[in-house]
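Single-letter residue listing:
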Amino acid sequence: MNEVDQVAEFYQRELAQALNEQAFGISRSQIIHCNENEAEATITLLEGNTINVVLSSAGYKVPPQWPYPS
């Protein structure tokens, strides 16, 4: 496994672990994207809202959603 694959695997593993730790507030989650720069997951919260969360070297972020939930 090369270094790029190892970094991508790190992001995926870290995001999966964070989702597992927060499972009490999540009804569904799926990692949808992973590369050497970031991992992204779609998360459906218990309230029914769906958000995306991205993990990168800058930490976690929730990118703006469109259309915005009402």
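Please refer to the structure higher up on the page.
What counts, and where the lines are drawn
Residues take numbers from 1 onward in each chain, read along the sequence in its written order. Local features in this predicted model are restricted to residues whose pLDDT is 70 or higher, and side-chain atom pairs enter the listing and the counts only when it is 80 or higher, whereas totals over whole chains, interfaces and linings include all residues. Heavy atoms throughout the structure, all of them, feed into the side-chain values; hydrogens and water do not. Salt bridges are defined by distance alone: a side-chain nitrogen of Lys or Arg within 4 Å of a carboxyl oxygen of Asp or Glu. Only DSSP runs of H or I reaching four residues or more are called helices, and only runs of E reaching two or more are called strands; each is numbered from the N terminus. A simple rule labels every residue: compare its accessible area, found with a 1.4 Å probe on the protein chains alone, to the largest value its type can have, and call it buried under 20%, exposed over 50%, or partly exposed in between. For this analysis, residues touch if any pair of their heavy atoms sits within 4.5 Å. Helix span is expected to be 1.5 Å times the residue number reduced by one. Think of it as the arc spanned by the lines of direction from the helix axis to the C-beta atoms. Think of a polar contact as two N or O atoms within 3.5 Å of one another; within protein, one of them needs to be a possible hydrogen donor and the other a possible acceptor, and neighboring residues in sequence only count if both atoms come from side chains.

Trainee: What exactly am I supposed to notice about the pattern of salt bridges here?
Mentor: One side chain can pair with another of opposite charge once the charged atoms of both are near each other. Tallied over the entire structure, the rule returns 1 salt bridge. A salt bridge links E9 to R13, with the nearest nitrogen and oxygen atoms 3.2 Å apart. Taken together, the residues span about one helical turn, with E9 and R13 both in helix α1 (residues 3-21) at a distance of 4 residues. Looking at E9, the relative accessible area reads 36%, which means it is partly exposed. The class for R13 is partly exposed, based on a relative accessible area of 45%.

Trainee: Help me understand the environment of I51 in this model?
Mentor: Structurally, I51 can be placed in strand β3 (residues 50-56). Classification of I51 as partly exposed rests on a relative accessible area of 21%. Counting along the chain gives 38 residues from I51 to R13, while the straight-line C-alpha distance between them is 19 Å. If near-sequence neighbours (up to four positions away) are discounted, I51 is found in contact with A41, T42, I43, V62 and Q65.

Trainee: For this particular structure, what's the right way to read α1?
Mentor: Because an α-helix packs 3.6 residues into every turn, residues spaced three or four apart end up facing the same way. Helix length check: α1 (19 residues) gives 27 Å between terminal C-alpha atoms against 27 Å at 1.5 Å per residue, within 8%. Along α1, the residues classified as buried are A8, Y11, L15, A18 and L19. Buried residues of α1 fall within an arc of 105° about the axis and therefore sit on the same side. Structural note: α1 exposes E3 and N20 on the side pointing more than 90 degrees away from its buried face. Contacts made by the buried residues of α1 are with β1 (26-34), β2 (38-45), β3 and β4 (59-61). Of the residues flanking the start of α1, the one acting as N-cap is N2, its side-chain oxygen 3.1 Å from the backbone nitrogen of V4.

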